[in-house]
Amino acid sequence: MSESFPRLSARTRRFTLGVPRGFTISPDGGRVVFLRTRSGTDPVTCLWELDTETHVERLVVDPRTLHADDEDLPPEERARRERSREAAGGVVAYGADAALTRAAFALSGGLYVVELASGETRRLETPGAVIDPRLSPDGRQVAYVTGGALYVQDLASGRGEVLATPESPTVTYGLAEFIAAEEMDRMRGYWWSPSGDALLVERADEEPVDTWYIADPANPSRPATAQRYPAAGTPNARTELFVLGLDGSRVAVPYEEEYLTTAAWDDHALSIVTMTRDQKTLRLFSVDPATGLSTLVREDTDPAWVDIVTGVPAHLDDGSLVWVATSEGGHRLFVGDRAVTPPTLQVRSVLDVDHDSVLFSASGGDPTDVHLWTWDGHSLLPVSTRSGVFSGRMSGGVGVLSEQSLDAEGVSTTVVRRDGMAVPIPSYAERPGLDLRVSLGRSGRRELATAVVLPSWYEQGSGRLPVLMDPYGGPHAQRVLNRRGAFLESQWFAEQGFAVIVADGRGTPGRGPAFERAVLGDLATPALDDQIDALQGVAEQYPDDLDLSRVAIRGWSFGGFLAALAVLRRPDVFHAAVAGAPVTDWRLYDTCYTERYLGHPDEQPEVYDNSSLFADAPKLERPLLLVHGLADDNVVAAHTLRLSSALLAAGRQHSVLPLSGVTHMTPQEVVAENLLLLQVDFLKKALG
């Protein structure tokens, strides 16, 4: 008997195991190094290399041969993986030198360096468990963090020295603080100079941040875990920057803004990007590493908020700045002071700069497609032309193209050589075994991007199906994309007898700044109104197929908030809900995310009240299942527990499913599998 979808989805980490990722292309384009597990059910990630001329693929590092596949991770690494949503183990990240001859990585806290040509791997002695090792550009030194201190070790002599030692238990050097990793997509806290003789290093002090305690009620003998959590309106960690020379020099790089969003150090400039606490001003500085003095290069402002875009700042060979900013109603690519993309092309990220060419991702008229484009110094050129979701890398005139679509299963990865020849990098991912029946389109008055997922066995017009809304619904994230992987769980729910609707409302990316900023000051009303708008629009398109007297909604994280919100405020539309890890009071969520949309809670308390759920507790009249991981350090379990208390105080019946030892990701196989089964059982009973 073949495995059920819930079990297979859990074993394969939602079918991400076996998919190649983490690509680095050598400067001459002759080799591509990447990460991949050896099968679709193997959670141990290995390091591989592809020769683009001979098409020969070679396994470089298998953690099992190093006897390091049974992971014992330091707490800082567990936190880093939670922030990056890393579900696999093994070599999940690596740092290579500029020539791509060596790579450094951490396994179970140990530091390893591999010679890529021979595969010779050695473990280096360190004073403690290692976090985020990175080679210098010349490959002669490796930097890493242990115990909050930043070390550099010479590979030839084996001699190591500490460049910065924390002055107190709340201080770390070289690590991204919680907010940077969770909300700004910055996972690193230090940057090598191009010459390899110095590093730009972040010093983070969490002393001002409130301490929360994550308890494990299933094991009362264990003490609660103390965590510094910067809730909305409370202090963030204090961050500082220093240029630390290998000669022992230390130069401060002062800045006034609350947030360090990113930094970059190339042959043209040492650059830092900062953002004010209200997130309405973004500043790019060029820093003199010898003195620490900063020169303002660019300042972007927005009355709502400025956007943090990955991949910038960067520079072309001639020193021209590559940047992304909002202009004339669009997210646009700038080269120097000139916008080189039209406002109708919504730039999402810069993926690589290769000499005089820029590779970037963007959406045009259809937000469900994410295409690749290049700017070659003279004109815009589309890299991908078929409908789908694309990503890639580019170096030495060679590209790596990853493609997903509704027409094919999984991720297709191809290396495109300078002569145009395509060399595939195979994926070992498991096949989900589902017959997808997904229709993408627009629905409702606002023409929202919507997917309608019907059972594969259903014959249209043969009877009305109960409806399951399956949104995320929050800003800066999408559920409706032109790729099969986005709808696997939705299709499985459809196979259980539901018509599933997935809709992206206002706040989601791909349609331009005005559409995204419509949630400013209110995370509840636009999100809920748009789900209803989409439901009504789909009902008009499928008049004989949807039973609007039986409408349920499920979601996780923001989607969990939206699901609970739906049955509390619109029981006339929604008849049951499963709310997973919901944010129930935005005062309990973090500073950067929450204040971007709702401002400071002391300045706008009524905005927080309107977007939170506690006052709505007495209104509950529909079945509601609250699910929460008790070890969640992102949306802490207090959200669900406080809502449950408010519901109990109001005499409103509801169900709570606590998940012992489970974080926000729910990576445990048994939990992930049975969670799907329990949701279906609850929804079927609730809808009759």
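Structure: see above.
Residues numbered from 1 in each chain as written. Predicted model: local features only at pLDDT ≥ 70, side-chain atom pairs only at ≥ 80, totals over all residues. Heavy atoms only, no water.

Describe the overall build of the protein chain, with residues and values.
Within the protein chain one finds 11 helices and 44 strands. What you see for the protein chain is a C-alpha radius of gyration of 25 Å, in line with the 26 Å of a compact globule of 688 residues. Along the first, second and third principal axes, the C-alpha set of the protein chain runs to 70 × 55 × 55 Å. By the burial criterion, 57% of the 688 residues in the protein chain qualify as buried. Restricting the contact set of the protein chain to residue pairs at least 6 apart, pairs at least 24 apart contribute 59%. Computing the positive centroid from 63 side-chain charges and the negative centroid from 95, the protein chain places the two 4 Å apart. (Helix = DSSP H or I, 4+ residues; strand = E, 2+ residues; numbered from the N terminus. Rg over C-alpha atoms; globule rule 2.2 N^0.38 Å. Buried < 20%, exposed > 50% of the residue type's maximum accessible area, 1.4 Å probe, protein only. Contact = heavy atoms within 4.5 Å. Lys, Arg positive; Asp, Glu negative; His and termini not counted. Charge placed at Lys NZ, Arg CZ, Asp CG, Glu CD.)

Now, about the sheet that holds strand S32 (residues 380-382): what can you tell me, with residues and values included?
Judged by pairing direction, the sheet is antiparallel, and its four strands sit side by side in the order S29-S30-S31-S32 without closing on themselves. Whereas interior strands pair on both sides, the edge strands pair on one side only; in this sheet they are strand S29 (346-354) and S32. Averaged over all adjacent pairs, the angle separating strand axes in this sheet is 30°, with direction ignored. Looking at chain direction, S29 and strand S30 (residues 357-363) are connected through seven bridges and run antiparallel. Across the sheet, the residue bridging to Asp354 is Ser357, located in S30. (Pairing = 2+ DSSP bridges. Axes fitted to C-alpha atoms, helices over the stretch in contact; angles between N-to-C directions.)

Can you explain the nonpolar core? Please cite residues and give values.
Membership of the largest hydrophobic core comes to 86 residues, with the highest contact counts inside it found for Trp323, Leu333, Phe574, Trp586 and Leu624. The biggest single contributor to this core is helix H7 (residues 558-569), with nine residues. Not counting chain neighbours up to four residues away, the residues in contact with Trp323 comprise Val273, Leu282, Leu284, Arg298, Asp300, Val312, Pro313, Arg332, Leu333 and Phe334. (Core = buried A, V, L, I, M, F, W, Y, C linked by side-chain atoms within 4.5 Å.)

Describe the pairing of strand S27 (residues 330-335), with residues and values.
S27 sits mainly inside the fold: six of its six residues count as buried. Residue alternation in S27 divides its side chains into two sets, Gly330, Arg332 and Phe334 and His331, Leu333 and Val335, and both sets are buried. Pairing analysis gives six bridges linking strand S26 (residues 321-327) to S27, with the strands arranged antiparallel. Residue Val322 lies in a different strand from S27, and its bridge partner there is Val335. Between the antiparallel neighbours S26 and S27 lie two residues, among them Glu328 with a positive phi of about 55°. Connecting S27 to the antiparallel partner strand S28 (residues 338-339) that follows it, the hairpin turn spans two residues, and Gly336 within it adopts a positive phi of roughly 70°.

Residues and numbers for helix H10 (residues 638-649), please.
Because each turn of an α-helix spans 3.6 residues, side chains separated by three or four positions in sequence point in the same direction. Here H10 contains 12 residues, and its C-alpha end-to-end distance of 16 Å stays within 8% of the 16 Å for a straight helix at 1.5 Å per residue. All of the buried residues along H10 are His639, Thr640, Leu643, Ser644 and Leu647. Within H10, the buried residues cover an arc of 125° as seen down the axis, which keeps them to one side. Exposed residues pointing more than 90 degrees away from the buried face of H10 are listed as Leu648 and Ala649. Of the surrounding elements, those touching the buried residues of H10 are H7, strand S43 (624-629) and strand S44 (655-659). Immediately downstream of H10, the backbone of Gly651 shows phi near 70°, a positive value. (Expected span 1.5 Å × (residues − 1). Arc of directions from axis to C-beta.)

Got a sec to walk through the packing of helix H4 (residues 488-495) against helix H11 (residues 669-687)? Specific residues and values, please.
Packing of H4 against H11 leaves a shortest axis separation of 11 Å and a crossing angle of 45°. Between H4 and H11, the interaxial angle falls into the category oblique. In this structure, H4 meets H11 at a crossing whose hand is right-handed. In this structure, H4 uses Glu489, Trp492 and Phe493 to contact H11, whose residues at the interface are Leu676, Leu677, Gln679, Val680 and Leu683. Of the residues in the contact of H4 with H11, the class split is six nonpolar, one polar and one charged. (Parallel < 35°, antiparallel > 145°, perpendicular 65-115°, else oblique. Left-handed = near helix turned anticlockwise from the far one by under 90°. Nonpolar A, V, L, I, M, F, W, Y, C, P; charged D, E, K, R; others polar.)

Tell me what's going on with the packing of aromatic side chains, and back it up with residues and numbers.
This model, assessed by the stated rule, comprises 18 aromatic pairs. Geometrically, the ring pair formed by Phe105 and Tyr112 is stacked, given 5.6 Å between the ring centres and 5° between the ring planes. The exposure class of Phe105 is buried, given its relative accessible area of 0%. Classification of Tyr112 as buried rests on a relative accessible area of 5%. Residues Tyr589 and Tyr593 carry aromatic rings whose centres are separated by 5.5 Å and whose planes lie at 85° to one another, so their mutual orientation is edge-to-face. Residue classification places Tyr589 among the buried positions, given a relative accessible area of 6%. (Phe/Tyr/Trp six-rings, centres within 6.5 Å; stacked < 30°, edge-to-face > 60°.)

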